[in-house]
Amino acid sequence: MKNKIRVFRALHNLTQEQLADRVGVTRQTVNAIESNKYLPSLGLAFKIAKLFNAKIEDIFIDEEGDYEK
Amino acid sequence: MNKKRYLQIRALVALFVATMMAIAVSNHSFLLALTTLLTGMALMVLVRLQANIKLDEREIALREKAAHLTYAIFAPTIGLGAVIMLIPTQGGFEVFSKGEFLYIESLGMILAYLSLFMIVVYSLSYFFLNRKYGGSGDEK
């Protein structure tokens, strides 16, 4: 699963810390999601999408074999 | 209090508890050990409440994985340890059933019951969590 959080964050002029505070997680979690080391829960994915005023599928890109991890 | 300060204080409390426990063990003082344990627990709770540490979903997932890994390593290890300690005494080697080797059988029994206890706790937790998260399989 790839994501465009870094791009959306830059568009909204937010740091990892600010994004983390807005969605109620730690900066480390945002960093882990951005570097594709951690898959966020559906709830967190919705929160991030809502914050950026975008659809989940615009931010998170499904790739074949993701669900087998 | 930020997370760094919280971790520093937690390490200090752990150091204090470890030192006091070592003193209690060397002096054979049960009361000191108990007091230290209770004080350590109270301090940890107080620090935790003061710190107001954010626990997010990644941290929870990490803890779940770490707990599972600990179980997956620890249960077979103590089970195997129990078997290794019980085989000589159960296998008819008289030398292991008396004198200085007597404690090996007792230790083996303790480890065996401990591994059984762990498996029972794991099974019960799995059963109740499975029910809680809708894994009963009943179709409505």
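Summary of the structure given here. (Residues numbered from 1 in each chain as written. Chains lettered and ligands numbered in written order. Predicted model: local features only at pLDDT ≥ 70, side-chain atom pairs only at ≥ 80, totals over all residues. Heavy atoms only, no water.)

## Notes on the overall build of chain B
Regarding its fold elements, chain B presents four helices and zero strands. Order of helices (α) and strands (β) in chain B, N terminus to C terminus: α-α-α-α. Counting over 140 residues, chain B shows a buried share of 18%. Residue pairs at least 24 apart in sequence account for 52% of intrachain contacts in chain B once pairs closer than 6 positions are excluded. Accessible surface computed for chain B: about 10,900 Å², of which carbon and sulfur atoms make up 70%. (Helix = DSSP H or I, 4+ residues; strand = E, 2+ residues; numbered from the N terminus. Buried < 20%, exposed > 50% of the residue type's maximum accessible area, 1.4 Å probe, protein only. Contact = heavy atoms within 4.5 Å. Areas by Shrake-Rupley, 256 points an atom, 1.4 Å probe, with all protein chains shown as cover.)

## Digging into helix H2 (residues 30-51) of chain B
Residue and element names in this part refer to chain B. Taking 1.5 Å as the rise per residue, H2 with 22 residues should run 32 Å; its terminal C-alpha atoms sit 31 Å apart, in good agreement. The set of residues buried in H2 consists of Ala33, Thr36, Gly40, Val47 and Ala51. One side of H2 holds all its buried residues, which, seen down the axis, span an arc of 65°. The exposed residues of H2 that point more than 90 degrees off its buried face are Phe30, Leu31, Leu38, Leu46 and Leu49. Of the surrounding elements, those touching the buried residues of H2 are helix H1 (3-26). Asn52, located one to two residues past H2, shows a positive phi value of around 50°. (Expected span 1.5 Å × (residues − 1). Arc of directions from axis to C-beta.)

## Looking at helix H4 (residues 102-132) of chain B
All names here are of chain B. The end-to-end C-alpha distance of H4 is 46 Å, a good match for the 45 Å that 31 residues give at a rise of 1.5 Å each. The set of residues buried in H4 consists of Ile104, Gly108, Leu111, Ser115 and Met118. Where H4 is buried, its residues meet helix H3 (57-90). Phi for Gly134, located one or two positions after H4, is positive at around 75°.

## Considering the nonpolar core
Grouped together as the largest cluster of nonpolar side chains are 18 residues, with contacts concentrated most on Ile5(A), Ile48(A), Phe52(A), Ile59(A) and Phe60(A). Breaking this core down by element, the ones donating at least two residues are helix H1 (5-11), helix H2 (16-23), helix H3 (27-34) and helix H4 (42-51) of chain A. When residues in this core are grouped by element, the largest group, four residues, is from H4(A). Membership of the second largest hydrophobic core comes to six residues, among which are Tyr71(B), Ala75(B), Ile78(B) and Ala82(B). (Core = buried A, V, L, I, M, F, W, Y, C linked by side-chain atoms within 4.5 Å.)

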